[in-house]
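Overview (structure and organization)
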Amino acid sequence: MKILLLGSGGREHALALALAPHVEELVAVPGNPGIESIDNAECIAGDILNGVDMVEIARRKAVDLVVIGPEAPLVAGVADDLREAEIAVFGPSGGAAKLEGSKAFAKQIMALAEVPTALAHVCSTREQADEALQMFPAPYVVKDDGLAAGKGVVVTTDLEEAKEHAYHCIDRGGSVVIEEFLDGPEVSLLCVCDGKTVVPLEPAQDYKRLKDGDEGPNTGGMGSYSPLPWAPENLTEEVLERVAYPVVREMERQGTPFVGILYVGLALTERGIRVIEFNVRFGDPETQAVLPRLKTPLSEVLYSAATGKLHQLAPLDWDPGAVVTVVLASAGYPGKLQLGDQIEDAPDLIHAGTTRKDDQIVTNGGRVLCVRGFGETVAAAREDAYAKIVPFEGAQYRTDIAAGV
(Lines give C-alpha, C1' and ligand atoms only; values in the text may rest on other atoms or scores of the structure.)
Protein backbone atom coordinates (compact mmCIF):
# COMPACT_ATOMS: atom_id res chain seq x y z
CA MET A 1 0.00 0.00 0.00
CA LYS A 2 1.10 3.57 -0.74
CA ILE A 3 -0.17 6.40 1.45
CA LEU A 4 -0.19 10.17 1.02
CA LEU A 5 -0.13 11.99 4.36
CA LEU A 6 -1.02 15.69 4.51
CA GLY A 7 0.46 17.91 7.24
CA SER A 8 3.69 18.98 8.88
CA GLY A 9 3.23 18.79 12.64
CA GLY A 10 3.79 16.43 15.54
CA ARG A 11 0.53 14.63 14.87
CA GLU A 12 1.68 13.88 11.31
CA HIS A 13 5.11 12.64 12.47
CA ALA A 14 3.35 10.30 14.93
CA LEU A 15 1.00 9.11 12.17
CA ALA A 16 3.95 8.56 9.85
CA LEU A 17 5.79 6.46 12.44
CA ALA A 18 2.68 4.31 12.91
CA LEU A 19 1.92 3.95 9.20
CA ALA A 20 5.38 3.49 7.68
CA PRO A 21 6.23 -0.03 9.00
CA HIS A 22 3.18 -1.51 7.28
CA VAL A 23 3.21 0.25 3.90
CA GLU A 24 5.37 0.14 0.79
CA GLU A 25 5.78 3.90 0.57
CA LEU A 26 4.70 6.97 2.53
CA VAL A 27 4.57 10.39 0.87
CA ALA A 28 4.11 13.43 3.11
CA VAL A 29 3.09 16.93 2.00
CA PRO A 30 4.92 18.93 3.17
CA GLY A 31 6.12 16.75 6.06
CA ASN A 32 8.91 17.74 8.46
CA PRO A 33 12.50 16.73 9.31
CA GLY A 34 11.28 13.92 11.55
CA ILE A 35 9.22 12.34 8.77
CA GLU A 36 12.14 12.79 6.35
CA SER A 37 14.24 10.51 8.55
CA ILE A 38 11.85 7.54 8.10
CA ASP A 39 13.38 5.06 5.64
CA ASN A 40 10.39 4.57 3.31
CA ALA A 41 9.02 8.12 3.61
CA GLU A 42 9.37 11.01 1.18
CA CYS A 43 8.51 14.64 1.86
CA ILE A 44 7.46 16.86 -1.05
CA ALA A 45 6.28 20.44 -1.33
CA GLY A 46 2.63 21.29 -1.85
CA ASP A 47 -0.28 23.40 -0.62
CA ILE A 48 -2.43 21.07 1.47
CA LEU A 49 -5.32 23.57 1.30
CA ASN A 50 -5.47 23.15 -2.48
CA GLY A 51 -7.58 20.12 -3.28
CA VAL A 52 -6.73 20.16 -6.98
CA ASP A 53 -3.02 19.98 -6.18
CA MET A 54 -3.55 17.14 -3.72
CA VAL A 55 -5.51 15.16 -6.31
CA GLU A 56 -2.67 15.68 -8.79
CA ILE A 57 -0.04 14.48 -6.30
CA ALA A 58 -2.16 11.49 -5.23
CA ARG A 59 -2.54 10.42 -8.87
CA ARG A 60 1.10 11.07 -9.77
CA LYS A 61 2.30 9.03 -6.81
CA ALA A 62 -0.36 6.34 -7.43
CA VAL A 63 -1.33 6.20 -3.76
CA ASP A 64 -3.99 3.88 -2.39
CA LEU A 65 -5.05 6.15 0.47
CA VAL A 66 -4.79 9.80 1.47
CA VAL A 67 -4.70 10.61 5.20
CA ILE A 68 -5.44 14.25 6.06
CA GLY A 69 -3.82 15.32 9.33
CA PRO A 70 -4.73 18.94 10.20
CA GLU A 71 -8.16 20.51 10.50
CA ALA A 72 -7.70 23.39 8.03
CA PRO A 73 -7.68 21.30 4.81
CA LEU A 74 -10.62 19.28 6.12
CA VAL A 75 -12.72 22.39 6.73
CA ALA A 76 -11.57 23.69 3.32
CA GLY A 77 -13.08 20.62 1.65
CA VAL A 78 -9.90 18.93 0.40
CA ALA A 79 -11.40 15.52 1.22
CA ASP A 80 -14.32 16.32 -1.09
CA ASP A 81 -11.96 16.98 -4.02
CA LEU A 82 -10.19 13.68 -3.42
CA ARG A 83 -13.43 11.71 -3.18
CA GLU A 84 -14.75 13.30 -6.35
CA ALA A 85 -11.58 12.05 -8.03
CA GLU A 86 -12.39 8.55 -6.68
CA ILE A 87 -9.34 8.52 -4.41
CA ALA A 88 -9.76 6.81 -1.03
CA VAL A 89 -9.35 9.40 1.72
CA PHE A 90 -9.41 9.25 5.50
CA GLY A 91 -10.92 12.51 6.69
CA PRO A 92 -14.40 14.06 6.75
CA SER A 93 -15.98 16.17 4.04
CA GLY A 94 -16.04 19.94 4.38
CA GLY A 95 -19.66 19.74 5.54
CA ALA A 96 -18.90 17.13 8.19
CA ALA A 97 -15.76 19.01 9.29
CA LYS A 98 -18.01 21.81 10.52
CA LEU A 99 -18.15 19.80 13.75
CA GLU A 100 -14.77 21.39 14.45
CA GLY A 101 -14.94 24.38 12.13
CA SER A 102 -17.93 25.83 13.98
CA LYS A 103 -18.52 25.29 17.68
CA ALA A 104 -22.04 26.63 17.23
CA PHE A 105 -22.74 23.95 14.61
CA ALA A 106 -21.31 21.30 16.95
CA LYS A 107 -23.69 22.46 19.68
CA GLN A 108 -26.61 22.17 17.25
CA ILE A 109 -25.66 18.62 16.33
CA MET A 110 -25.24 17.69 19.99
CA ALA A 111 -28.70 19.05 20.75
CA LEU A 112 -30.27 17.12 17.88
CA ALA A 113 -28.41 13.95 18.89
CA GLU A 114 -29.22 14.47 22.59
CA VAL A 115 -25.54 14.39 23.53
CA PRO A 116 -24.72 15.56 27.08
CA THR A 117 -22.73 18.80 26.99
CA ALA A 118 -22.39 22.18 28.70
CA LEU A 119 -25.18 24.74 28.59
CA ALA A 120 -24.16 27.43 26.11
CA HIS A 121 -25.11 30.59 24.26
CA VAL A 122 -23.92 31.62 20.80
CA CYS A 123 -23.18 35.35 20.67
CA SER A 124 -22.53 37.57 17.65
CA THR A 125 -22.70 40.99 19.35
CA ARG A 126 -21.00 42.52 22.38
CA GLU A 127 -24.38 42.97 24.05
CA GLN A 128 -25.21 39.27 23.65
CA ALA A 129 -21.80 38.33 25.07
CA ASP A 130 -22.35 40.59 28.10
CA GLU A 131 -25.73 38.99 28.77
CA ALA A 132 -24.38 35.44 28.38
CA LEU A 133 -21.47 36.07 30.74
CA GLN A 134 -23.94 37.18 33.40
CA MET A 135 -25.80 33.87 33.11
CA PHE A 136 -22.90 31.66 34.21
CA PRO A 137 -20.76 31.89 37.34
CA ALA A 138 -16.97 31.99 37.12
CA PRO A 139 -14.85 30.38 35.72
CA TYR A 140 -16.02 31.84 32.40
CA VAL A 141 -15.61 29.79 29.24
CA VAL A 142 -15.41 31.75 25.98
CA LYS A 143 -14.78 29.91 22.71
CA ASP A 144 -14.06 31.38 19.30
CA ASP A 145 -16.69 29.85 17.03
CA GLY A 146 -14.20 29.18 14.22
CA LEU A 147 -10.87 27.41 13.87
CA ALA A 148 -8.17 28.76 16.18
CA ALA A 149 -5.45 26.06 16.12
CA GLY A 150 -6.37 24.89 19.62
CA LYS A 151 -5.91 28.35 21.15
CA GLY A 152 -9.34 29.95 20.66
CA VAL A 153 -10.64 29.09 24.12
CA VAL A 154 -10.30 31.28 27.20
CA VAL A 155 -11.18 29.87 30.61
CA THR A 156 -10.82 32.50 33.32
CA THR A 157 -12.21 33.78 36.60
CA ASP A 158 -11.58 37.36 35.38
CA LEU A 159 -14.75 38.76 33.85
CA GLU A 160 -12.87 41.51 31.99
CA GLU A 161 -10.53 38.95 30.41
CA ALA A 162 -13.52 36.90 29.30
CA LYS A 163 -15.15 39.99 27.78
CA GLU A 164 -11.93 41.00 26.04
CA HIS A 165 -11.66 37.62 24.29
CA ALA A 166 -15.34 37.63 23.34
CA TYR A 167 -15.15 41.18 21.96
CA HIS A 168 -11.97 40.37 20.02
CA CYS A 169 -13.67 37.45 18.25
CA ILE A 170 -16.90 39.37 17.60
CA ASP A 171 -15.19 42.53 16.38
CA ARG A 172 -13.41 40.49 13.70
CA GLY A 173 -16.83 39.63 12.32
CA GLY A 174 -17.09 36.28 14.05
CA SER A 175 -19.09 34.87 16.93
CA VAL A 176 -18.36 33.14 20.22
CA VAL A 177 -19.81 30.32 22.25
CA ILE A 178 -20.09 31.17 25.95
CA GLU A 179 -20.85 28.18 28.12
CA GLU A 180 -20.90 26.85 31.65
CA PHE A 181 -17.63 25.60 33.10
CA LEU A 182 -17.41 21.81 33.34
CA ASP A 183 -15.55 20.68 36.43
CA GLY A 184 -13.89 17.27 36.62
CA PRO A 185 -11.04 15.33 35.00
CA GLU A 186 -10.80 15.60 31.22
CA VAL A 187 -10.48 12.68 28.82
CA SER A 188 -9.83 12.52 25.08
CA LEU A 189 -11.29 9.64 23.09
CA LEU A 190 -10.38 9.29 19.41
CA CYS A 191 -13.03 7.41 17.43
CA VAL A 192 -12.43 6.03 13.94
CA CYS A 193 -15.60 6.37 11.84
CA ASP A 194 -16.64 5.24 8.36
CA GLY A 195 -20.00 7.00 8.24
CA LYS A 196 -21.87 4.22 10.02
CA THR A 197 -19.50 2.18 12.23
CA VAL A 198 -17.39 3.61 15.06
CA VAL A 199 -14.19 1.99 16.39
CA PRO A 200 -12.72 3.68 19.47
CA LEU A 201 -9.02 3.98 20.18
CA GLU A 202 -7.70 3.92 23.76
CA PRO A 203 -8.50 6.99 25.91
CA ALA A 204 -5.83 9.55 26.73
CA GLN A 205 -5.52 12.70 28.80
CA ASP A 206 -3.81 15.88 27.64
CA TYR A 207 -2.68 19.06 29.39
CA LYS A 208 -3.90 22.30 27.81
CA ARG A 209 -2.34 24.92 30.08
CA LEU A 210 1.20 26.14 29.50
CA LYS A 211 2.54 25.85 33.04
CA ASP A 212 2.67 23.36 35.89
CA GLY A 213 -0.43 23.02 38.02
CA ASP A 214 -2.66 23.97 35.06
CA GLU A 215 -1.57 27.60 35.27
CA GLY A 216 -0.94 29.99 32.39
CA PRO A 217 -2.70 30.38 29.04
CA ASN A 218 -4.39 27.64 27.04
CA THR A 219 -2.21 26.04 24.37
CA GLY A 220 -2.55 23.38 21.72
CA GLY A 221 -1.46 20.83 24.35
CA MET A 222 1.70 20.47 26.46
CA GLY A 223 1.70 16.73 27.06
CA SER A 224 -0.42 13.61 27.31
CA TYR A 225 -0.50 10.01 28.48
CA SER A 226 -2.29 6.74 27.87
CA PRO A 227 -3.82 4.53 29.26
CA LEU A 228 -5.87 6.10 32.07
CA PRO A 229 -5.78 3.65 34.98
CA TRP A 230 -8.19 5.83 36.99
CA ALA A 231 -10.92 6.07 34.34
CA PRO A 232 -14.25 4.28 34.85
CA GLU A 233 -14.16 0.79 33.40
CA ASN A 234 -17.14 1.37 31.10
CA LEU A 235 -16.13 4.86 29.95
CA THR A 236 -15.44 4.00 26.32
CA GLU A 237 -18.68 2.05 25.96
CA GLU A 238 -20.65 4.94 27.48
CA VAL A 239 -19.06 7.47 25.12
CA LEU A 240 -19.86 5.26 22.13
CA GLU A 241 -23.48 4.83 23.22
CA ARG A 242 -24.24 8.40 24.33
CA VAL A 243 -21.95 10.48 22.11
CA ALA A 244 -20.16 8.94 19.14
CA TYR A 245 -22.91 6.81 17.61
CA PRO A 246 -25.66 9.42 18.11
CA VAL A 247 -23.47 12.05 16.41
CA VAL A 248 -22.51 9.76 13.52
CA ARG A 249 -26.16 8.85 12.96
CA GLU A 250 -27.21 12.52 13.08
CA MET A 251 -24.48 13.51 10.62
CA GLU A 252 -25.69 10.79 8.24
CA ARG A 253 -29.25 12.04 8.66
CA GLN A 254 -28.05 15.55 7.79
CA GLY A 255 -26.60 14.24 4.54
CA THR A 256 -22.98 14.65 5.64
CA PRO A 257 -21.73 11.18 6.64
CA PHE A 258 -18.75 11.41 8.97
CA VAL A 259 -15.67 9.51 7.75
CA GLY A 260 -12.50 10.10 9.74
CA ILE A 261 -11.56 10.72 13.35
CA LEU A 262 -14.21 12.03 15.70
CA TYR A 263 -12.19 13.43 18.59
CA VAL A 264 -14.40 13.58 21.67
CA GLY A 265 -13.10 15.88 24.41
CA LEU A 266 -14.89 15.02 27.66
CA ALA A 267 -15.23 16.19 31.23
CA LEU A 268 -16.13 13.56 33.84
CA THR A 269 -18.38 15.70 36.02
CA GLU A 270 -20.40 14.86 39.12
CA ARG A 271 -23.43 14.77 36.81
CA GLY A 272 -21.77 12.29 34.45
CA ILE A 273 -19.91 12.66 31.16
CA ARG A 274 -20.19 15.97 29.32
CA VAL A 275 -18.71 16.79 25.91
CA ILE A 276 -16.37 19.78 25.98
CA GLU A 277 -15.58 19.80 22.27
CA PHE A 278 -15.36 17.83 19.06
CA ASN A 279 -12.41 17.79 16.71
CA VAL A 280 -12.48 16.09 13.33
CA ARG A 281 -8.88 14.82 13.22
CA PHE A 282 -6.34 13.07 15.39
CA GLY A 283 -5.63 15.07 18.55
CA ASP A 284 -2.22 16.55 19.22
CA PRO A 285 -0.50 15.48 21.51
CA GLU A 286 -2.88 12.60 22.33
CA THR A 287 -2.03 10.85 19.05
CA GLN A 288 1.61 10.68 20.08
CA ALA A 289 0.62 8.79 23.25
CA VAL A 290 -2.07 6.51 21.82
CA LEU A 291 -0.69 5.24 18.51
CA PRO A 292 2.50 3.59 19.88
CA ARG A 293 0.23 1.31 21.90
CA LEU A 294 -1.78 0.17 18.84
CA LYS A 295 -0.51 -3.21 17.61
CA THR A 296 -3.05 -3.52 14.80
CA PRO A 297 -1.55 -1.90 11.65
CA LEU A 298 -2.90 1.65 11.51
CA SER A 299 -2.93 1.54 7.71
CA GLU A 300 -5.51 -1.28 7.83
CA VAL A 301 -7.71 0.65 10.26
CA LEU A 302 -7.70 3.88 8.26
CA TYR A 303 -8.17 2.16 4.88
CA SER A 304 -11.12 0.18 6.29
CA ALA A 305 -12.73 3.43 7.42
CA ALA A 306 -12.05 5.21 4.12
CA THR A 307 -13.69 2.37 2.17
CA GLY A 308 -16.68 1.86 4.47
CA LYS A 309 -15.54 -1.50 5.82
CA LEU A 310 -14.89 -0.86 9.50
CA HIS A 311 -17.54 -3.43 10.39
CA GLN A 312 -15.27 -6.09 8.85
CA LEU A 313 -12.23 -5.07 10.93
CA ALA A 314 -11.11 -7.43 13.70
CA PRO A 315 -11.04 -6.00 17.25
CA LEU A 316 -8.05 -3.73 17.75
CA ASP A 317 -5.01 -5.19 19.49
CA TRP A 318 -3.37 -3.01 22.15
CA ASP A 319 -0.08 -3.07 24.02
CA PRO A 320 -0.89 -2.99 27.76
CA GLY A 321 2.05 -0.69 28.48
CA ALA A 322 1.96 3.09 28.90
CA VAL A 323 3.18 6.10 26.93
CA VAL A 324 3.78 9.59 28.32
CA THR A 325 4.55 12.58 26.09
CA VAL A 326 6.06 15.93 27.08
CA VAL A 327 5.90 18.87 24.66
CA LEU A 328 8.79 21.33 24.36
CA ALA A 329 7.64 24.76 23.17
CA SER A 330 9.56 27.78 21.93
CA ALA A 331 10.33 30.75 24.13
CA GLY A 332 7.39 33.13 23.98
CA TYR A 333 4.78 30.47 23.15
CA PRO A 334 1.80 30.90 22.81
CA GLY A 335 2.63 34.55 22.05
CA LYS A 336 5.51 35.98 20.01
CA LEU A 337 7.88 33.12 19.27
CA GLN A 338 11.65 32.83 19.44
CA LEU A 339 12.67 30.79 16.38
CA GLY A 340 15.86 29.38 14.89
CA ASP A 341 17.32 27.74 18.00
CA GLN A 342 19.37 24.61 17.33
CA ILE A 343 17.93 21.25 18.35
CA GLU A 344 20.00 18.30 19.51
CA ASP A 345 18.95 14.83 18.49
CA ALA A 346 17.55 12.60 21.24
CA PRO A 347 15.67 9.29 21.46
CA ASP A 348 11.91 9.12 20.76
CA LEU A 349 11.54 12.69 19.51
CA ILE A 350 8.43 13.71 17.62
CA HIS A 351 9.02 16.76 15.40
CA ALA A 352 6.31 19.42 15.33
CA GLY A 353 7.71 22.92 14.75
CA THR A 354 11.13 22.20 13.23
CA THR A 355 12.97 22.91 9.99
CA ARG A 356 16.41 22.39 8.43
CA LYS A 357 18.81 25.31 8.16
CA ASP A 358 22.42 24.88 7.04
CA ASP A 359 22.30 21.13 7.75
CA GLN A 360 21.03 21.80 11.27
CA ILE A 361 17.54 21.18 12.67
CA VAL A 362 16.21 24.35 14.33
CA THR A 363 13.01 25.52 15.97
CA ASN A 364 10.36 26.82 13.58
CA GLY A 365 7.11 26.94 15.49
CA GLY A 366 5.35 27.19 18.83
CA ARG A 367 5.22 23.59 19.95
CA VAL A 368 8.56 22.31 18.65
CA LEU A 369 9.10 18.76 19.90
CA CYS A 370 7.29 16.01 21.73
CA VAL A 371 9.35 13.56 23.81
CA ARG A 372 7.82 10.12 24.31
CA GLY A 373 8.46 7.87 27.26
CA PHE A 374 7.55 4.18 27.47
CA GLY A 375 7.02 1.82 30.39
CA GLU A 376 4.88 -0.91 31.88
CA THR A 377 3.10 1.72 33.99
CA VAL A 378 2.32 5.40 33.55
CA ALA A 379 4.81 6.22 36.32
CA ALA A 380 7.57 4.30 34.53
CA ALA A 381 6.74 5.92 31.19
CA ARG A 382 6.76 9.35 32.81
CA GLU A 383 10.23 8.74 34.27
CA ASP A 384 11.46 7.56 30.87
CA ALA A 385 10.06 10.64 29.09
CA TYR A 386 11.64 13.20 31.41
CA ALA A 387 14.98 11.39 31.31
CA LYS A 388 15.08 11.87 27.51
CA ILE A 389 14.49 15.64 27.46
CA VAL A 390 17.31 17.68 25.94
CA PRO A 391 16.12 21.31 26.12
CA PHE A 392 16.94 23.78 23.37
CA GLU A 393 17.50 27.50 24.01
CA GLY A 394 14.47 28.99 25.75
CA ALA A 395 12.50 25.72 25.73
CA GLN A 396 9.30 25.70 27.79
CA TYR A 397 7.88 22.47 29.11
CA ARG A 398 5.78 21.27 32.02
CA THR A 399 7.33 19.13 34.71
CA ASP A 400 4.06 17.64 35.96
CA ILE A 401 2.74 15.63 32.98
CA ALA A 402 1.15 12.44 34.34
CA ALA A 403 2.40 13.26 37.86
CA GLY A 404 0.79 11.14 40.55
CA VAL A 405 -0.98 8.79 38.11
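Each remark here, short or long, concerns the structure printed above.
Structure report, in brief. Just so you know, these numbers come straight off a predicted model, no measurement behind them.

1. Things to note about the overall build of the protein chain
Scanning the protein chain from terminus to terminus reveals 13 helices and 22 strands. Taking 22 Å as the expected radius of gyration for a compact globule of 405 residues, we find that the protein chain reaches 20 Å, a close match to that expectation. A principal-axis box enclosing the C-alpha atoms of the protein chain has dimensions of 55 × 50 × 45 Å. Here the protein chain, with 405 residues, has 58% of them falling under the buried criterion. Partitioning the intrachain contacts of the protein chain with sequence separation of at least 6 by distance along the chain shows that 64% fall at a separation of at least 24. Summed over all atoms, the accessible surface of the protein chain reaches about 16600 Å², with 47% contributed by carbon and sulfur. Distance from the positive charge centre (35 side chains) to the negative charge centre (61 side chains) of the protein chain: 2 Å.

2. Focus on empty space enclosed by the protein
Evaluated as defined, the whole model comprises two cavities of 30 Å³ or more. The calculated volume of the largest cavity comes to roughly 70 Å³. Looking at the lining of the largest cavity, the elements with two or more residues in it are α7 (103-113), β9 (176-179) and β17 (272-279). Looking at which element gives the most residues to the lining of the largest cavity, the answer is α7, with four residues. The residue inventory of the lining of the largest cavity, partitioned by class, reads six nonpolar, no polar and five charged. Taken as a whole, the second largest cavity spans an internal volume of roughly 40 Å³. Lining of the second largest cavity is provided by Gly 10, Asp 284, Gln 288, Val 327, Ala 352, Arg 367, Leu 369 and Cys 370.

3. Digging into the pattern of salt bridges
What the rule picks out here adds up to 23 salt bridges. In this structure, Asp 171 engages Arg 126 in a salt bridge whose closest nitrogen and oxygen atoms are separated by 2.6 Å. Of this pair, Asp 171 sits in helix α9 (residues 159-171) while Arg 126 sits in helix α8 (residues 126-135), and the two are 45 residues apart along the sequence. Each of Arg 11, Glu 12, Glu 71, Glu 100 and Arg 281 takes part in salt bridges that share partners, so that together they form one network.

4. A look at the packing of aromatic side chains
Enumeration according to the criterion identifies two aromatic pairs in this entry. Considering the side-chain rings of Phe 90 and Phe 282, the 6.2 Å spacing of their centres and the 40° angle between planes classify their relative orientation as tilted. With Phe 90 in strand β5 (residues 89-90) and Phe 282 in the loop between β17 and α11 (286-290), the pair connects residues that are 192 residues apart, well separated along the chain. Each member of the pair, Phe 90 together with Phe 282, is buried. Relative to Tyr 225, the ring of Tyr 207 lies with its centre 6.4 Å away and its plane at 45°, an arrangement referred to as tilted. A residue pair is termed long-range when its members are at least 10 positions apart, and Tyr 207 in the loop between β12 (205-206) and β13 (209-211) and Tyr 225 in strand β15 (residues 223-226) qualify at 18 residues. As far as the burial class goes, Tyr 207 and Tyr 225 line up, both buried. One cation-aromatic arrangement involves Arg 126 over Tyr 167; the distance from NZ or CZ to the ring centre is 4.1 Å.

5. Some details on the nonpolar core
Formed by 73 residues in total, the largest nonpolar core has its most connected members in Val 66, Leu 99, Leu 262 and Phe 278. When residues no more than four places from it in sequence are discounted, the contact partners of Leu 99 are Phe 105, Ala 106, Ile 109, Val 247, Met 251, Phe 258, Leu 262, Phe 278 and Val 280. Among the nonpolar cores identified, the runner-up in size contains 37 residues, and Ala 18, Leu 201, Ala 305 and Leu 310 belong to it.

6. Things to note about the pairing of strand β21 (residues 360-363)
Pairing analysis gives four bridges linking strand β20 (residues 354-357) to β21, with the strands arranged antiparallel. Residue Arg 356 lies in a different strand from β21, and its bridge partner there is Ile 361. Counting the residues in the hairpin turn of β20 and β21 gives two residues, including Asp 358, whose phi is positive at 55°.

7. A short note on the packing of α7 against helix α10 (residues 235-253)
Packing of α7 against α10 leaves a shortest axis separation of 9 Å and a crossing angle of 105°. Between α7 and α10, the interaxial angle falls into the category roughly perpendicular. Across from Phe 105, Ile 109, Leu 112 and Ala 113 in α7, the residues of α10 making contact are Pro 246, Val 247, Glu 250, Met 251 and Arg 253. For the contact of α7 with α10, the residue count by class is seven nonpolar, no polar and two charged.

8. What about the sheet that holds strand β7 (residues 140-144)?
If you trace the four strands from one edge of the open sheet to the other, you get β6-β9-β7-β8, paired in antiparallel fashion. Because the sheet does not close on itself, it has two edges, and the strands there are β6 (120-123) and β8 (153-156). Taking the axes of each pair of neighbouring strands and ignoring which way they run, one obtains an average angle of 20° across the sheet. Pairing of β7 with β9 involves four bridges; the strand directions are antiparallel. Counterpart to Asp 144 in the pairing with β9 is Val 176. Packed onto the sheet, α8 meets β6, β7 and β9 and runs at close to 165° relative to β6. Strands in contact with α9 are β6, β7, β8 and β9; relative to β7, the strand with the most contacts, it is inclined by about 15°.

9. Quick notes on a negative patch on the surface
Taken together, the side chains of Asp 158, Glu 160, Glu 161 and Glu 164 define an acidic patch exposed on the protein surface. Here Glu 160 shows up in helix α9.

The rules we used
Residues numbered from 1 in each chain as written. Predicted model: local features only at pLDDT ≥ 70, side-chain atom pairs only at ≥ 80, totals over all residues. Heavy atoms only, no water. Helix = DSSP H or I, 4+ residues; strand = E, 2+ residues; numbered from the N terminus. Rg over C-alpha atoms; globule rule 2.2 N^0.38 Å. Buried < 20%, exposed > 50% of the residue type's maximum accessible area, 1.4 Å probe, protein only. Contact = heavy atoms within 4.5 Å. Areas by Shrake-Rupley, 256 points an atom, 1.4 Å probe, with all protein chains shown as cover. Lys, Arg positive; Asp, Glu negative; His and termini not counted. Charge placed at Lys NZ, Arg CZ, Asp CG, Glu CD. 1 Å grid on protein atoms, 1.4 Å probe; cavity = no way out; pocket = protein on both sides within 12 Å on 5 of 7 lines; lining within 4 Å. Points joined across faces, edges and corners; volume = space filled by probe spheres on them. Nonpolar A, V, L, I, M, F, W, Y, C, P; charged D, E, K, R; others polar. Salt bridge = Lys/Arg side-chain N within 4 Å of Asp/Glu carboxyl O. Phe/Tyr/Trp six-rings, centres within 6.5 Å; stacked < 30°, edge-to-face > 60°. Lys NZ or Arg CZ within 6 Å of the ring centre and 35° of its normal. Core = buried A, V, L, I, M, F, W, Y, C linked by side-chain atoms within 4.5 Å. Pairing = 2+ DSSP bridges. Axes fitted to C-alpha atoms, helices over the stretch in contact; angles between N-to-C directions. Parallel < 35°, antiparallel > 145°, perpendicular 65-115°, else oblique. Patch = residues over 30% accessible without salt bridge, like charges linked within 9 Å, V, L, I, M, F, W, Y side chains within 5 Å.

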